[in-house]
Amino acid sequence: MSQTMNLIGPSPWGFRIAGGRDFKKAITVSKVNAGSKAEHAGLGLGDIIQEINGESTADMLNVEAQNKIKNSKTKLQLAVDRPDPPSPRQTNGISTPEQLTGRFQEVLQSSRDENQNYNDYSFSSPASLS
């Protein structure tokens, strides 16, 4: 869902970004400080920044986006896309706490069994073989 957010200055705005052309990822919000102008405007963690002050971020380097944000002293306009939250069914078919606990215990036991096999071998350093 795309939306435009207008932050009224002065800066600082109270958020951090990640991504950019140099990282081959969309520019996204990586942190929003509590009580900041960004939080009051509704900016959220994981929001994808499509435009900064009307300019597309599609080909921007991370540092270019940072500079555009920092150089906006009195007003900052962001066009953002908020990804849909993940579905609660994205758990490989395991959805109840009991099923998840059982699967965890299976993996833990399997790991213990595999590690036990390593205890049956002895290792010698090359110096001790002579």
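Rules used throughout
Residues numbered from 1 in each chain as written. Predicted model: local features only at pLDDT ≥ 70, side-chain atom pairs only at ≥ 80, totals over all residues. Heavy atoms only, no water. Salt bridge = Lys/Arg side-chain N within 4 Å of Asp/Glu carboxyl O. Helix = DSSP H or I, 4+ residues; strand = E, 2+ residues; numbered from the N terminus. Buried < 20%, exposed > 50% of the residue type's maximum accessible area, 1.4 Å probe, protein only. Polar contact = N/O pair within 3.5 Å; in protein donor to acceptor, adjacent residues only side chain to side chain. Contact = heavy atoms within 4.5 Å.

> An account of the pattern of salt bridges is requested, with residue identities and associated values reported.
Inspection of the entire model under this criterion finds two salt bridges. The closest approach of N and O atoms between Asp-47 and Arg-82, which form a salt bridge, is 2.7 Å. Linking Asp-47 in the loop between helix 1 (37–41) and strand 4 (48–52) with Arg-82 in the loop between strand 6 (75–81) and helix 3 (97–118), this pair joins segments that are 35 residues apart in sequence. For Asp-47, a relative accessible area of 1% translates into the label buried.

> So what's going on with the side chain of Asn-62? Residues and values would help.
Within the fold, Asn-62 resides in helix 2 (residues 62–70). A polar side-chain atom of Asn-62 sits 2.7 Å from the main-chain carbonyl oxygen of Gly-19. A distance of 2.3 Å separates polar atoms of two side chains, one belonging to Asn-62 and the other to Gln-66. The contacts of Asn-62, once residues within four sequence positions are left out, are Ile-17, Ala-18, Gly-19, Gly-20, Asp-22 and Phe-23.

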